[in-house]
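The chain contents come next:
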Amino acid sequence: MAILVTGGAGFIGSNFVLDWLTQSKETVVNLDKLTYAGNLRNLDPVKDNSNHIFVRGDIGDSALVATLLARYQPRAILNFAAESHVDRSISGPAEFIETNIVGTFRLLEAVRAYQASLAQPDASKFRFLHVSTDEVYGSLVPNEAAFSESRRYEPNSPYSASKAASDHLVRAYHHTYGLPVLTTNCSNNYGPLHFPEKLIPLMIVNALASRPLPVYGDGQQIRDWLYVKDHCAAIRVVLDRGRIGETYNVGGWNEKANIDIVHAVCALLDEMQPRIDAQPYASQISFVTDRPGHDRRYAIDARKISEELDWKPAETFETGLRKTVRWYLDNPEWVREVQSGAYREWVAQQYLDVSSTP
Ligand code: NAD
Ligand code: DAU
């Protein structure tokens, strides 16, 4: 038995793979292109685990994907691979269209052919789980009800538009071809192995490096934060028990303004690693020009996954953020490598030894 995970060297994908391999003996085939966001170091704890097969490649490489499907015969595919950073989608949307839309389309085509080739009962037991985002629903005004699964799609950035397009393709492949799909739309994740271009890890690493903490606009934008391991657990229950063709919103009922997040990070650092001059890290906060088209508020109504599949987050924001700050304090080498680009050199050196290509 095997599953195929795409994007399993990124932030959420690597947390998912690491958790999976501690809980299951089922093989994980991990297909990742190793863009700037993919980091094989994230997978160091499983580098000697024979149940982990890493393949460097693109979800849009139809021949490669077809070969992997034929060789490993996965019972499920979990599609994490994506370009994921909103700011990068604003400065350069092309890669987002290429991977998130065209790549997902090519992946779906390969998967459709594979699923059609399976005998029963494997064909009907097969699942394609697409990992998506709450950003497809657009922006909420204050006091507006949180996003439910029936909320209209209103994506506002090239990133969210590309994810929305991929969600629609996944839905269409179920409706038209009967592909057994599941989609999850999750809110903002945080936790270990988060690339320090995103708000929480950026604030931690900048604070420790005595750099400014850039807060966009007035800092009053609201996000709904979920610890990454809780997201991974939600994906596992949707894979196990989710109803085919359904979408499940995943969130932590944890809305916070960005400026409050930054202050919470600073307060933890003040406690866990005070500045040498004993000044508060919050003194490094710097308000900067706002993100163009910046969505004001996201909030997830997670009742469906909770009532139907009995999932709820294990971490509170307080416990999850403390673990996260601790992880960054304990892993300065990971941060240094990611920031210096040294991990890319390491990949070039190491890649041939650790990957397997068909
Ligand atoms: P990430 O940017 O950290 O990782 C993405 C991974 O995908 C990287 O390892 C990268 O190398 C790989 N990748 C990119 N293009 C690829 C391609 N063409 N073929 C194969 N691999 C490719 O992203 P993340 O934060 O871990 O997000 C994972 C998924 O979860 C994405 O689909 C994202 O839209 C979704 N999501 C993220 C969040 C969040 O808060 N980070 C929340 C909800 C949903
Ligand atoms: O909601 C889910 C989404 O969350 C995922 O789909 C995306 O992949 C993920 O990147 C994340 O998107 P956001 O744009 O919400 O995350 P980011 O960490 O980039 O920003 C969080 C908030 O903080 C947002 O309102 C912008 C703000 N921000 C961000 C950065 C990087 C700042 O104020 N300063 C910063 O330097």
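The sections below set out a description of the structure shown in this document. What you see is a predicted model; the values in this text were computed from it and never measured. (Residues numbered from 1 in each chain as written. Chains lettered and ligands numbered in written order. Predicted model: local features only at pLDDT ≥ 70, side-chain atom pairs only at ≥ 80, totals over all residues. Heavy atoms only, no water.)

## Focus on empty space enclosed by the protein
In step 1: On inspection of all chains with the given rule, the structure shows 1 cavity of 30 Å³ or more.
In step 2: Of the voids in this model, the largest cavity is the one considered here, and its volume is about 60 Å³.
In step 3: What lines the largest cavity is V86, I90, E135, N156, S157, R223, R291, P292, G293, H294, D295 and Y298.
In step 4: Counted by class, the lining of the largest cavity contains 4 nonpolar, 4 polar and 4 charged residues. (1 Å grid on protein atoms, 1.4 Å probe; cavity = no way out; pocket = protein on both sides within 12 Å on 5 of 7 lines; lining within 4 Å. Points joined across faces, edges and corners; volume = space filled by probe spheres on them. Nonpolar A, V, L, I, M, F, W, Y, C, P; charged D, E, K, R; others polar.)

## Some thoughts on the sheet that holds strand 6 (residues 181-186)
In step 1: Read from one edge to the other, the open sheet built from 7 strands follows the order 3-2-1-4-5-6-10, with strand pairing classed as parallel. Every interior strand has two partners, whereas the edge strands, strand 3 (52-56) and strand 10 (247-250), have only one. Put simply, the sheet's adjacent strands are angled 20 degrees from each other on average, direction ignored.
In step 2: Judged from the 4 bridges that link them, strand 6 and strand 10 form a sheet pairing that is parallel. When the sheet's bridge partners are listed, N185 is paired in strand 10 with N249.
In step 3: Against the sheet, helix 4 (residues 94-117) touches strand 1 (2-6), strand 4 (76-79) and strand 5 (127-133), its axis set at about 165 degrees to strand 5. (Pairing = 2+ DSSP bridges. Helix = DSSP H or I, 4+ residues; strand = E, 2+ residues; numbered from the N terminus. Axes fitted to C-alpha atoms, helices over the stretch in contact; angles between N-to-C directions. Contact = heavy atoms within 4.5 Å.)

## A short note on the packing of aromatic side chains
In step 1: If you walk through the whole model with that rule in mind, you get 15 aromatic pairs.
In step 2: Through a chain of ring-to-ring contacts, the aromatic side chains of Y137, F147, Y153 and Y298 assemble into a single cluster.
In step 3: For the cation-ring pair, R112 lies above Y177, with the distance from its terminal atom to the ring centre recorded as 3.8 Å. (Phe/Tyr/Trp six-rings, centres within 6.5 Å; stacked < 30°, edge-to-face > 60°. Lys NZ or Arg CZ within 6 Å of the ring centre and 35° of its normal.)

## Observations concerning helix 1 (residues 11-23)
In step 1: A rise of 1.5 Å per residue sets the reference length of helix 1, with its 13 residues, at 18 Å; its end C-alpha atoms lie 19 Å apart and thus fit the reference within 8%.
In step 2: When you tally the buried positions in helix 1, you get 11 out of 13 residues, the bulk of the element.
In step 3: Burial in helix 1 covers these residues: F11, I12, G13, S14, N15, F16, V17, L18, D19, W20 and L21.
In step 4: Elements that come into contact with the buried residues of helix 1 comprise strand 1, strand 2 (27-32), strand 3, strand 4, strand 7 (188-190) and helix 8 (228-241). (Expected span 1.5 Å × (residues − 1). Buried < 20%, exposed > 50% of the residue type's maximum accessible area, 1.4 Å probe, protein only.)

## Some words on the site of ligand 1
In step 1: The environment of ligand 1 is formed by 28 residues, the closest being I12, D32, S84, Y159 and K163.
In step 2: One of the backbone N or O atoms of I12 is found 2.8 Å from an oxygen atom in ligand 1.
In step 3: K163 is positioned with one of its side-chain polar atoms (N or O) 2.6 Å from an oxygen atom of ligand 1.
In step 4: Burial of ligand 1 by the protein amounts to 96% of the accessible area it has alone, namely 830 Å².
In step 5: Broken down by secondary-structure element, the contributors of at least two residues to the shell around ligand 1 are helix 1, strand 5, helix 6 (158-177) and strand 7.
In step 6: Ranked by residues supplied to the shell around ligand 1, first place goes to strand 5 with 3 residues.
In step 7: Residues of the shell around ligand 1, tallied by class, amount to 12 nonpolar, 12 polar and 4 charged. (Near = heavy atom within 4 Å. Polar contact = N/O pair within 3.5 Å; in protein donor to acceptor, adjacent residues only side chain to side chain. Areas by Shrake-Rupley, 256 points an atom, 1.4 Å probe, with all protein chains shown as cover.)

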